[in-house]
Amino acid sequence: MAFIRKRRQEQQQLYSKERFSLLLLNLEEYYFEQHTANYIFNKDGRERRKIRGSLKICSKSVIFEPDEISHPIIKIPLRDCIKIEAPEDSDTNDFYEGAIPGQISILSNQAFLTKEQNVIAPFKMERGKTEYLFQLDVAGKVDDVLHTLHQLYRASHLDKLGDQAAMITAILQSRLARTPFDKNRFQNVSETLHMECKAEMVTPLVTNPGLVCITDANLYFQPLNGYPKPVVQVMLHSVRRIYKRRHGLLPLGLEVFCTEDNLCSDIYLKFYNTQDRDNAYFFVATYLENHVAEHTAESYMLQWQRGHISNYQYLLHLNNLADRSCNDLSQYPVFPWIIADYSSSELDLTKPETFRDLSKPVGALNKERLDRLLIRYREMPEPKFMYGSHYSSPGYVLFYLVRVAPEYMLCLQNGKFDHPDRMFNSIAETWKNCLDGATDFKELIPEFYENDSSFLLNSLKLDLGKTQGGKIVDNVELPPWASDADDFLQKSQDALESQYVSEHLHEWIDLVFGYKQKGNEAIAAQNVFHPLTYEGGVDLNSIMDPNERVALLTQILEFGQTPKQLFTIPHPRRIIPKFKSLPRASSHDFSMPESPGEESFEDLTEESITLAWNHMTRLKINGQHKIHRGAITGIAVPYSSSQSSIFTTSQDSTLKMFSAESKMLQRSISFSNMALSSCLILPGDTTVVCSSWDNNIYFYSIAFARRQDTLMGHDDAVSKICWHNDRLYSASWDSTVKVWQCIPADLLGTKKRFELLAELEHDVSVNTINLNAAYTLLASGTKEGSISIWDVTTASILHQLPCHSGTVSDAAFSPDSRHLLSTGEDGYFKVTDVQTGMIISSMRSEEPQRCFKWDGNTVLSGSQSGELLVWDIVGGKIVERIAGHTGAVTCMWMNERCSSIITGGEDRQIMFWKQQY
């Protein structure tokens, strides 16, 4: 993570002479400029001595950094200054005689000393009236430096914080306006400038003002003060992700990543207005490779559900999308406490009691404490809240990270570490306090589930004090089941990825990122925090009083912020495989008994199916035949592998029987003069069923070569039919789906009788239907783009979703029935979670996809242009384009093992496809 990576960089520069960092500044303080200078002081009141270094002018302090690390850095707060002047201009010179040009005298009541011998430790304080004398190398700069210091001195002595902030901001903006971007810093003289504006580079606890410049090749940031280097450069072609951020509750942030999975960004910028931020986003995003496939929370959810990313990776992605950033401690990534057992000698991840209850916030884990909090909550006037502190704040983040980020803690706490008894001393004690403490409800940070254990060790040998019991604060005390810090992290990772957590993590996501974050659901879940912690809890732009505004912003940033809400309905569960392989339901229902010691039929089928989908990109045409005079609408193949007949329907109103063996047309049957819309073969391979635009459903006997039955079932065209276990499901443009029970014909050959079991009402015409593998769910897609999911056992609707902006062309359940994939005229593929009805992935193609087959991960689709496309639906990208028909692919058949495919198109052809292994 950011702190540990930064710590390593600092350790590589351990013997660097520069000890200054922006963390020596106060919160909301700016570093303006530096000058090489000498610090002149009287040693023992007699000998004048010069110490070489640099004088740094900041918005609230003056800092002198000696070149020699044996001397401490001196920080003089401007609010404690009595007088700032050039000694040669003074009428009286009490301190030195014979002042020379280039000197600046600062008389102050207080100063702070730090980094002596380059050791990180609490600041030492120098109290009492003291004069500090500095001599600039360039004497001619004294007047300019004095002018700046006097301005900042006046700002620091204003009574109200809002007035101070306003004056400092005015000084800063004036300096930025007078400092043009140095175009000589461009990597190439031929670069085209797109935009230039003022901004600040954000790092934890501090921001650095400067200028942003975006060309056709690079993003540049030029710090006003030249620190840490004159220009920071990010090459646009290396950018992989870019996010708009909420910074200080305002939409002003922009974070740029040059890596796919790292949560540490390459640069985080805060702009002074939203328009500049949005313009910068546009210019950078324009050059982003695959920017169209930018991941959403829903697409990551699909990857997580199907096991393509871990629990840890999913939580990182959700934090990122919810505005959590390593560069913003008020919105640092938040992770859950997982383990509840910190006393056993062995950690048993098979026992539920080992784990924390993920359905409850930390504050609700202890019933006795919760009861006390609820009594207070009921008696509280509006606006009410249950918890007086948050689960994530800058103080909590640094509580965990003080051993690797001590300077951040010193910055946050005005040069002091926390009291030894309140520090992060023990994992078990910290967990106990989160359970029992009256005001402690904090969660964890990502470092607890990573591979770098340095935050648990006092490798820097920091003097963190002694507890009241006399114990020296050193390494964090680990639970008995951890042999060392690395072992603790490994077992924490194992716990996070365990089956129990995988089954329950969605409950914690509901609390932190989801529908239980706000409103009545949050109240019911005992998950209510102070109103100021929520996005939209306060509109800073509406607060005119600058003092109130500054005070409110400071309170919000220090208190902590709730993540941006990502989900407004219950989060789906993860799909947890229970067996070695999940049997895939075939197009007909039978199984073979397992013999001891032999692989089961289902295992062999599953293996062949997996192999077939892994080679789906290697489809080759194995034959093509034009057998109709209109677009093909349906393909059906007998169940028996010994039969080579292919049945097809078409808009030319005919059902045709084609021999794949002889490549000859064998039969052509017409039931009416209107188009046929789909066909299927009943188990037993004796009957073909066809649906027609003339409102009827026709049954054709293969053996007797004649129409056997006609079902006049609808008031408009029948668009699609399905069959299972003597039940016929028919969809129609009359806005219904009907479920029919078929009473088979007797031995004398009388006609089948059909009894209407259920009528599933829709508001508009139904264009397609599909049954899940267990035949318990039915999905219907309409001409207006909505998808309905029905429980066919009760004929009740589970979900009705506005998925597409045009007609739904095709819809199908995944083999495990957890997801529904649909496509429509709008060109989108949508993945819906069947349990919750949440649309969890959305991908757009350049053109509509008319039909498809999928295995839950990979999709083979037929496009409007005639191509077959292979999609990685979880990764959100097309992996192969295969040339096929000369018109739209309108229907598709796939055998049980997914190795043979037949497609039909508007070009009136059927095409046979084989995989090349």
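Below or above, wherever it landed, is the structure these notes cover.

**A look at the sheet that holds strand β16 (residues 632–636)**
Strands sit in the order β16-β17-β18-β19 across an open sheet of 4 strands; the sheet is antiparallel. The sheet terminates laterally at β16 and β19 (664–670), the two strands that pair on one side only. For this sheet, the mean angle separating the axes of adjacent strands, direction not counted, is 20 degrees. Examined bridge by bridge, β16 and strand β17 (residues 645–650) share 4 bridges and lie antiparallel to one another. Counterpart to Ala-636 in the pairing with β17 is Phe-647.

**Notes on unusual backbone geometry**
The omega torsion of the bond from Tyr-227 to Pro-228 falls at 5 degrees, within 30 degrees of zero and hence cis. Following the sequence through the fold, Pro-228 ends up in the loop between β10 (218–223) and β11 (232–235). Along the chain, Glu-382 connects to Pro-383 via a cis peptide bond; the corresponding omega equals -5 degrees. Among the secondary structure elements, Pro-383 is positioned in the loop between α7 (367–379) and α8 (394–401). Positive phi outside glycine occurs at Asn-725, with the angle close to 50 degrees. Considering the arrangement of structural elements, one finds Asn-725 in the loop between β24 (718–724) and β25 (727–732). Judged by relative accessible area, Asn-725 falls into the exposed class, the value being 57%. The backbone of Cys-898 sits at a positive phi, close to 65 degrees, despite the residue not being glycine.

**Describing the sheet that holds strand β27 (residues 753–761)**
The 4 strands are arranged β24-β25-β26-β27 in an open sheet whose pairing can be described as antiparallel. Each of the sheet's edge strands pairs with one partner strand only, and the pair in question is β24 and β27. Within the sheet, the average angular offset between the axes of one strand and its neighbour, ignoring direction, is 20 degrees. Direction of pairing for β25 relative to strand β26 (residues 736–743): antiparallel, over a ladder of 5 bridges.

**Describing the pattern of salt bridges**
Inspection of the entire model under this criterion finds 24 salt bridges. The partner of Arg-306 in a salt bridge is Asp-816, with the nearest N and O atoms 3.2 Å apart. In this pair, Arg-306 sits in the loop between α5 (297–305) and α6 (311–321) while Asp-816 sits in the loop between β32 (808–813) and β33 (819–824), placing the two residues 510 residues apart along the sequence. Beyond isolated ion pairs, a larger network of salt bridges with shared partners links Arg-245, Arg-246, Glu-255, Asp-323 and Lys-564.

**A few points about the packing of aromatic side chains**
Under the counting rule described, the total for this entry stands at 41 aromatic pairs. Note on Trp-508 and Phe-513: the rings are 6.2 Å apart at their centroids and 75 degrees apart in plane angle, and the pair reads as edge-to-face. Measuring from centroid to centroid gives 6.5 Å for Phe-671 and Tyr-700, while their planes differ by 70 degrees, and the two rings are edge-to-face. On the criterion of sequence distance, the pair formed by Phe-671 in the loop between β19 and β20 (676–681) and Tyr-700 in strand β22 (residues 696–701) is long-range, its members being 29 residues apart. You'll find Phe-671 and Tyr-700 in the same group, each marked buried. A cation sits over an aromatic face here: Lys-783 above Trp-733, 3.5 Å from the ring centre. Directly above the ring of Tyr-828 sits Lys-830, whose terminal nitrogen or CZ lies 5.3 Å from the centroid.

Cut-offs and rules
One numbering rule holds for all chains: residues counted from 1, following each sequence as written. In keeping with the model being predicted, local features are shown solely for residues with a pLDDT of at least 70 and side-chain atom pairs are shown and tallied solely at 80 or more, while totals for entire chains, interfaces and linings include all residues. Each side-chain value is derived from all of the structure's non-hydrogen atoms; neither hydrogens nor water enter the calculation. Only when DSSP finds a minimum of two bridges between them are two strands counted as paired. Only DSSP runs of H or I with at least four residues qualify as helices, and only runs of E with at least two residues qualify as strands; both kinds are numbered from the N terminus onward. To get an axis, a line is fitted to the C-alpha atoms, and for a helix only the part in contact is used. The angle between two axes follows their N-to-C directions and goes from 0 to 180 degrees. Three exposure classes are used, based on accessible area relative to the maximum for each residue type with a 1.4 Å probe and protein chains only: buried under 20%, partly exposed in between, and exposed over 50%. Here, a salt bridge means any side-chain nitrogen of Lys or Arg that lies within 4 Å of a carboxyl oxygen of Asp or Glu. The aromatic pairing rule takes the rings of Phe, Tyr and Trp, using the six-membered ring of Trp, and pairs them if the centres are within 6.5 Å, calling planes under 30 degrees apart stacked, those over 60 edge-to-face and the rest tilted. Geometrically, a charge over a ring is one whose NZ (Lys) or CZ (Arg) sits within 6 Å of the ring centre while staying within 35 degrees of the ring normal.

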